[in-house]
Amino acid sequence: MTKKILICLLTVLLNISFSNTFAQTSRKPDPSGVNTGSSADLDTAAFKVVDTLAKKKDTTVAALNSSVKKLAGAVSNAANADGKNKVAINLVWLLITGFLVFFMQAGFALVETGLTRAKNVAHTMGMNLFVYPAGCLGFFVCGFALMFGGVGALGTLGGFDGLNQEFTISILGHSFGLFGTKGFFMNGVYDVGVLGFFVFQAVFMDATATIPTGAMAERWKFSSFAISGVIIGGLIYPLYGNWVWGGGWLSQLGANFGFGHGHLDFAGSSVVHLSGGVLAFVGARMIGPRLGKYNKDKSANAIPGHNIPMAVLGTLILAFGWFGFNSGSTFAGTDFRFAVVAFNTMIASCGGIVASTLWIWHVRGNKPDVSMMCNGLLAGLVAITAPCAYVTPIGGLIIGLVSGVLVVEVTLYMEKKLRIDDPVGAVAVHGANGVWGVLALGLFADGNYGDGINGVKGTVTGLFYGGGWGQFIAEAIGAAANIVFIGAAGWLMFKFLEKVVGNRVKPEVEMYGLDLPEMGIDGYSGIRMDKNAETPLSR
């Protein structure tokens, strides 16, 4: 009897609780999401004003005037809230995609380490870890200011216009922007939009500074590498970057000379990848090949990477992060073109890996080389990075297919003809396909995007879509300027480093492995390795 009474009381209490809950709830559940989100979510106070005015019945002139003023205030508040939400969406989009780009650093580390030898694991991983703070320090001190100090208002990120000082020179009546002068140590630009923009741009710079570590792996002194990261992040990368993305002279080739919309590079085929590829080429050429790589007759010996699974995993991480790399370069989650960018990024990478696999398998060899498969996928990604927002899906696929063949041919040419030892194929992936990427923009841009960019009216249209030679010429000039400037700057940097700390480790250190002598720790502790067998004997 007692149990029945308790059960009845509990039932009554639960019914009262549920009835109160539903009585206090003004909105019904919305499982589809169709009815979720209204003007009330923009600004509660404004919504209440509008609701009150809608129920007001006083129609006197004074009452109507008062209502109009209140309504105008409510609309203004709602509009401000709408604008704030739009900027918030853009900032969140920018930072999330930037975080994806930062995760690519893990991909670089795994690819480079997997394609090099076991006795240098700690050293190669150490370079990929330390390049991030080294480059960011240089970018913080002066790199960001040189690159974006004169870029102007950040329209999609709140409109801050304090980055407004560009150093320019005048030639034949035309202004040539060379570098920004506002924002050193981030002074005077303490703004949420600017700091978010810095985070996104810093991880792009990090990619450029990382690329030479693959081409110079297994013989580069850690001290020389560390200093180079600061120089690249603080000086070399930002100067060319300003010319393209900071309002500098390459971006104005259209406005000044009628070459399309000036040199365009949506997400960095030239600014990021070609810059890194040129530095990799110069560095690998100056530091020389690894011991045992070439024989007296100049023929090359294979030096296999020690961990292909690691390299494949790193490649897939890079491909994943690349969606942020390219799509985030809209700088706005409200710019729906990012869907086109994401698709082209995907299809070009597929084209790159298919073409490189078939080419090395049936044209240049007789087996599908897994390392070349990895580089083919990355080549497609590098090539599509500049034109990803401007081309059709078919254009994206063609660009990727060409990149897959190009990466194989340049890799073999580097090794066999130029005799430049590039353990991971960085020059072929990033350098050659960085050039192809910007040239492809000048060929395949279909005229559906980019209206008014760089101060030129109309959309971006390439040669194959009736746009004439102008855009292609601008892309070619930008690529040539990169090779000349970055090449010269890289040569000076490596010459300076050779004088200060030296670039290459001693032969006995290279034979033993760089881990203990350079880093003080083995990458694989407790594992016995025949380190001499990892280095082929030259004949």
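Preceding this section is the structure that the text describes.
Residues numbered from 1 in each chain as written. Predicted model: local features only at pLDDT ≥ 70, side-chain atom pairs only at ≥ 80, totals over all residues. Heavy atoms only, no water.

You can see G470 is positioned in helix α15 (residues 470-500). Overall, the relative accessible area of 17% leaves G470 in the buried class. In this structure, the C-alpha to C-alpha distance between G470 and F259, residues 211 residues apart in sequence, is 4.1 Å. (Helix = DSSP H or I, 4+ residues; strand = E, 2+ residues; numbered from the N terminus. Buried < 20%, exposed > 50% of the residue type's maximum accessible area, 1.4 Å probe, protein only.)

In a regular helix each residue adds 1.5 Å, so 16 residues correspond to 22 Å; helix α12 (residues 370-385) covers 23 Å between its end C-alpha atoms and thus fits that length. Buried residues dominate α12, accounting for 13 of its 16 residues. (Expected span 1.5 Å × (residues − 1).)

Here we take up the packing of helix α7 (residues 222-245) against α15. Where α7 contacts α15, the axes come no closer than 11 Å and their chain directions differ by 155°. One element, α7, and the other, α15, form an angle in the roughly antiparallel class. The handedness of the crossing between α7 and α15 comes out as right-handed. From α7, S224, I227, S228, I231, I232, I236, L239, Y240 and W243 reach across to α15, where they touch G478, A479, A481, N482, F485, I486, A489, G490, M493, F496 and L497. (Axes fitted to C-alpha atoms, helices over the stretch in contact; angles between N-to-C directions. Parallel < 35°, antiparallel > 145°, perpendicular 65-115°, else oblique. Left-handed = near helix turned anticlockwise from the far one by under 90°. Contact = heavy atoms within 4.5 Å.)

A separate point is helix α6 (residues 192-215). Over its 24 residues, α6 runs 37 Å from end to end, which matches the ideal 34 Å to within 8%, given 1.5 Å per residue. Extensive coverage of α6 is indicated by the burial of 21 of its 24 residues. Where α6 begins, the side chain of D191 points an oxygen toward the backbone nitrogen of G193, at a separation of 2.9 Å. (Polar contact = N/O pair within 3.5 Å; in protein donor to acceptor, adjacent residues only side chain to side chain.)

To continue, consider the environment of G247. Note that G247 resides in the loop between α7 and α8 (253-257). What makes G247 partly exposed here is its relative accessible area of 36%. As a C-alpha pair, G247 and N454 span 207 residues in sequence and 7.8 Å in three-dimensional space. Those residues in contact with G247 that sit more than four places away from it in its chain are E166, N242 and Q252.

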